[in-house]
Amino acid sequence: MDVPDNQILGMEKKPKLCFKSVQDMIPARAVLYLMSFSGFLVSFMMRTDINIAMVAMAKMRLRPENSSNVTQLSCYASITNGTQTVEDQKPMEEGEFDWDSTVQSAILGSFYWCYILSQVVGGVLTQRFGTKTVFGFSQLTTAIASLLIPQAASFHFSAVIALRSLQGMASGLTWPAMYALVGIWIPSNERSRFMSSFQGFSFGIGLTYMVCGFIIGNYGWRVVFYMNGSLGVAWCLLWWLLAFDLPHKHPRITRRELNYINANIGDNIINTKDLKVPWCSIMTSIPAWSIGITTFGRIWVHYTFIIYGPSYMKTILGFSIQKNGFMNGAPFLCSYLSSVVFCYAADFIIARNLMSLTNVRKMFTAISQVFPGLLVLTIGYLGCQITLILVIWFVAVTLITASYAGAMANVVDIAPNFAGHILAFAQTIHMSASFLSPLAAAIMLQDNPTLERWRRIFAVTACVSCGTYIMYQFGGTAKEQDWNNPNRKNNSGSVRISPENNQLIVNNKTDPERGDG
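For the structure given in this document, a descriptive report is provided here. Since the structure is predicted, the reported quantities are computational estimates derived from the model, not experimental observations.

Procedures and definitions
- All residue numbers here refer to positions counted from 1 along the written sequence of the relevant chain.
- The predicted origin of the model limits local features to residues at a pLDDT of at least 70 and limits the giving and counting of side-chain atom pairs to 80 or more, whereas totals for whole chains, interfaces and linings rest on all residues.
- Note: side-chain values were computed over all heavy atoms of the structure, leaving out hydrogens and water.
- The helix count covers DSSP runs of H or I at least four residues long, the strand count covers runs of E at least two residues long, and both are numbered beginning at the N terminus.
- Categorising residues by exposure relies on relative accessible area from a 1.4 Å probe, with only protein chains included: less than 20% of the type maximum marks a residue as buried, more than 50% marks it as exposed, and the intermediate range marks it as partly exposed.
- In what follows, residue pairs with any heavy atoms lying within 4.5 Å of each other are defined as contacts.
- The method behind every accessible area is Shrake-Rupley, applied with a 1.4 Å probe, and residues are considered shielded solely by the protein chains displayed.
- Positive: Lys, Arg. Negative: Asp, Glu. His and the chain ends are not part of the count.
- Salt bridge criterion: a side-chain nitrogen from Lys or Arg within 4 Å of a carboxyl oxygen from Asp or Glu.
- For helices, the axis comes from a line fit to the C-alpha atoms of the stretch in contact; other axes are also lines fit to C-alpha atoms, and the angle between any two N-to-C directions lies between 0 and 180 degrees.
- Angles below 35 degrees are treated as roughly parallel, those above 145 as roughly antiparallel, those between 65 and 115 as roughly perpendicular, and all remaining angles as oblique.
- Here is the rule for handedness: rotate from the far helix to the near one, and if that takes an anticlockwise turn smaller than a right angle the crossing is left-handed, while a clockwise turn gives right-handed.
- Throughout, the ten residues Ala, Val, Leu, Ile, Met, Phe, Trp, Tyr, Cys and Pro are labelled nonpolar, Asp, Glu, Lys and Arg are labelled charged, and all others, Gly among them, are labelled polar.
- Buried Ala, Val, Leu, Ile, Met, Phe, Trp, Tyr and Cys residues form a nonpolar core when they are joined through side-chain atoms within 4.5 Å.
- Start and end points for every domain follow an automatic or database-based domain assignment.
- Throughout, the protein atoms alone are placed on a 1 Å grid, and a set of points is a cavity if a 1.4 Å probe fits but cannot get out or a pocket if it is open with protein on both sides within 12 Å along at least five of seven lines; lining residues have an atom within 4 Å of a point.
- Grid points are joined across faces, edges and corners, and a volume is the space filled by probe spheres set on the points.
- Each patch groups residues whose relative accessible area exceeds 30% and which form no salt bridge, using 9 Å between like charges and 5 Å between nonpolar side chains of Val, Leu, Ile, Met, Phe, Trp and Tyr.
- Centres within 6.5 Å make a pair out of two Phe, Tyr or Trp rings, where for Trp the six-membered ring is used; the pair is then stacked when the planes are under 30 degrees apart, edge-to-face when over 60, and tilted otherwise.
- By definition, being over a ring means that NZ of Lys or CZ of Arg is both within 6 Å of the ring centre and within 35 degrees of the ring normal.

Along the protein chain, the regular secondary structure elements total 21 helices and 2 strands. Put simply, the protein chain has 517 residues, and 56% of those count as buried. Taking the intrachain contacts of the protein chain between residues at least 6 apart in sequence as the baseline, contacts between residues at least 24 apart amount to 84%. Here the protein chain has roughly 22,000 Å² of accessible surface; of this, 63% comes from carbon and sulfur atoms.

So, in structure tokens, the structure goes:
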């Protein structure tokens, strides 16, 4: 049967759905979001797996003269109908290694000793080699160290401390590296939403506790490190294929998206390789110090939940390793969803000019610190009301994520050209809480985890969390700092990067909003 010519022509004109067209439908920024989310997810799985694994690795040591006191003050969760007593319940899982609280604290905190020291190094290396190289190699190093931890633990606890310190040194490079990428790739009206990708770390923590609790209960704690290390290596391969430092160097970005980024990224984004980092200005900046100090309090309360949450649920609530992992993990899984809500809410308020950008940052910072600080204080005084304790625990952990629409997003607001360096400076301050918090808890517990001692830990946490916010309330601002763009002192026009050759372009035109300089 002959086919009419007009039908043949019609069939020839019908567009074909090919791989290239599907690829063009996915913005490069969306791929970057997914890689950022999954990168922090895997990073924090490798970082926090030892917190839940420690429950199974270390024997529970109690002072003989106080062991009866611990039993009287412990709440043992019901397995069946809520009427079970301590005698009816199976004993807690016995650990493998005879490590006291000092050794356990050293292992848990060793990650953060070097993590703090590598923050500034991360900003410098990112400026020199780019985010793709720095973030990728830091993840690979952390993954290899994770694979070696089981053998190190069998050898000596000092070997575990050495590997954890190496992981901390490598992981400290990741945050400054990713923040530097945000200023280059993401327009200002999308930054709060993109910052929710950093909450991959909350998802990673939650997934680690829930999955690892199950794995440890059924297959042993060693499998946890092998699994997470392998995931880290696999992620590095994807990162190397899909991530690029500059939009115009991305081989699969569409011209339309590239033009959109260039048009909306702002006149103040310039090639930082041509700039000298204003370290003196950063270190004397009140807004930068405000970010560092207030987030110190957020990290303190956050890491009280992250590091000592499993210990509290074991020694006070009496949870099994599987239930411990689930109850610790669930709030962190939901933290990602809450971060998306907070970040979208912040962008909504900003887009409609309902509040100034500075007030938006302060409001969400208060939500992330003041409320969790007050809630954690109440946990120690709820006795054995386990359901209410878990509800408050859940709410406090999810509210902490509001910081990513607050002070953490403020890093890019004040100086997008040096966001990585500012974050490195701020993290040097606030991440010290990541080892001071567990150290203070270990000193207050002293192998005697009574409810009264846990109340002291929660009281100190509340004071630090709420007290440090005061600095941000008075010193925080979203105003771009003058030292963000030194070229502005010499040129009244805008400065941007040419997408063709990565060269600086200066438009010597007067900006009506800034005047003549």
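Having seen the structure, we can now continue with the description.
A positive phi angle is found at asparagine 353, which is not glycine, with a value near 55°. Residue placement: asparagine 353 occurs in the loop between helix 15 (321-351) and helix 16 (357-379).

For the rest of this paragraph, the subject is the side chain of arginine 47. Mapped onto the secondary structure, arginine 47 falls in helix 3 (residues 28-57). Summary of buried charges: arginine 47 has no salt-bridge partner, and the nearest side chain of opposite charge, aspartate 49, is 9.3 Å away. If sequence neighbours within four positions are ignored, arginine 47 has contacts with Phe111, Tyr112, Tyr115, Arg164, Ser171, Trp175 and Tyr303.

The next thing to look at is the packing of helix 14 (residues 286-315) against helix 21 (residues 451-475). To describe two helices that pack against each other, one gives the angle between their axes and the distance between the axes. Where helix 14 meets helix 21, the axes come as close as 8 Å, and the angle between the chain directions of the two elements is 160°. When the axes of helix 14 and helix 21 are compared, the pair comes out roughly antiparallel. The element helix 14 and its partner helix 21 pack so that their crossing is left-handed. Here the contact of helix 14 with helix 21 is built from residues that sort into 19 nonpolar, 10 polar and no charged.

Ranked by internal contacts, the top residues of the largest apolar core, which has 143 residues, are Trp175, Tyr179, Phe198, Phe305 and Tyr312. It is helix 3 that contributes the most residues to this core, 18 residues altogether. Each of domain 1 (29-60 + 97-265) and domain 2 (278-484) gives at least three residues to this core. Apart from the residues within four sequence positions on either side, phenylalanine 198 is in contact with Ser36, Phe40, Trp175, Met178, Tyr179, Val182 and Tyr404.

Here the focus is empty space enclosed by the protein. Counted by the stated rule, this structure contains 4 cavities of 30 Å³ or more. Taken as a whole, the second largest cavity holds about 100 Å³ of empty space. Lining the second largest cavity are 15 residues, with Phe44, Trp175, Arg298, Ile299 and Tyr404 positioned closest to its centre. Elements with a minimum of two residues in the lining of the second largest cavity: helix 3, helix 14 and helix 19 (419-430). Partitioning the lining of the second largest cavity into residue classes produces 10 nonpolar, 3 polar and 2 charged. Summarising the domain contributions, the lining of the second largest cavity has at least three residues from each of domain 1 (29-60 + 97-265) and domain 2 (278-484).

This part is about a nonpolar patch on the surface. A cluster of nonpolar residues, Leu388, Val391, Phe394 and Val395, forms a patch on the protein surface that exposes about 280 Å² of accessible area. Of note, leucine 388 is situated in helix 17 (residues 386-399). When its relative accessible area of 36% is taken as the criterion, leucine 388 is described as partly exposed.

Next up on the list: the packing of aromatic side chains. All told, the structure shown has 31 aromatic pairs when counted by the stated rule. Judged by centre distance (6.3 Å) and plane angle (85°), the rings of phenylalanine 44 and tryptophan 175 are edge-to-face. A residue pair is termed long-range when its members are at least 10 positions apart, and phenylalanine 44 in helix 3 and tryptophan 175 in helix 8 (residues 174-185) qualify at 131 residues. We classify phenylalanine 44 as buried; its relative accessible area is 2%. Aromatic side chains tryptophan 289 and phenylalanine 425 sit 5.2 Å apart centroid to centroid with 85° between the ring planes, which places their arrangement in the edge-to-face category. You can see tryptophan 289 sitting in helix 14 and its partner phenylalanine 425 sitting in helix 19, a full 136 residues away along the chain. Residue classification places phenylalanine 425 among the buried positions, given a relative accessible area of 9%. Each residue in the set Tyr33, Phe40, Phe44, Phe135, Trp175, Phe194, Phe198, Phe201, Trp235, Trp239 and Tyr404 is aromatic and connected to the rest through ring pairs, giving one cluster. Stacked on the ring of phenylalanine 129, the Lys or Arg arginine 128 has its end atom at 5.0 Å from the ring centre. Here lysine 132 stacks its cationic end above the ring of phenylalanine 244, 4.5 Å away from the centre of that ring.

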